[in-house]
Amino acid sequence: MRKLAAVVVGCLVLTGCAASWQGDEVRYRIKAVDNSTPTEYFELELAGGAPKGALDAADLAREFVQPSDVSGGAAVGDEVLCLVEQKKGSAIGDSHVVTSVKSCKKA
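Criteria and cut-off values
- Residues numbered from 1 in each chain as written.
- Predicted model: local features only at pLDDT ≥ 70, side-chain atom pairs only at ≥ 80, totals over all residues.
- Heavy atoms only, no water.
- Disulfide = S-S within 2.5 Å.
- Helix = DSSP H or I, 4+ residues; strand = E, 2+ residues; numbered from the N terminus.
- Buried < 20%, exposed > 50% of the residue type's maximum accessible area, 1.4 Å probe, protein only.
- Pairing = 2+ DSSP bridges.

(A) Structural view of the state of the cysteines. As enumerated under the stated definition, the model contains one disulfide in all. One disulfide bridge connects cysteine 82 with cysteine 104, the sulfur atoms lying 2.1 Å from each other. When the S-S torsion is 110°, as for the bridge of cysteine 82 with cysteine 104, the disulfide is right-handed. In this pair, cysteine 82 is assigned in strand E5 (residues 79-88) and cysteine 104 in strand E6 (residues 97-106), connecting sequence segments 22 residues apart. Here cysteine 82 matches cysteine 104 in class, with each residue buried.

Okay, here's the thing in structure tokens:
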């Protein structure tokens, strides 16, 4: 019985380190267009502060998104609202925060 309890506690500790956060809409400003690769990207910067509850606020500060992922015909200098999700791996695997910027629309 003690071995079973130890296994259960061990599993809870190892899986308990994973976390995720999803912001409703995060406001970004399109800072520039990045043409350094074959695929064109908008370089985004936060317009205002990072939302509360974000796993890694510094990672939200600068993001990239393809112009085709922004609805409303945005350009450099415009503000956009984007759905953002952050995930942190478990203690066993990759434990750094990964930020994903999803569907954006011109603000």
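Back to the write-up after that little detour.
(B) Local environment of the sheet that holds strand E3 (residues 62-65). If you trace the six strands from one edge of the open sheet to the other, you get E3-E2-E1-E5-E6-E4, paired in mixed fashion. Sheet topology places E3 and strand E4 (70-71) at the edges, where each strand pairs with a single neighbour. Pairing of E4 with E6, which is carried by two bridges, proceeds in the parallel orientation. Each bridged residue has a counterpart across the sheet, and for serine 71 the counterpart in E6 is lysine 105.

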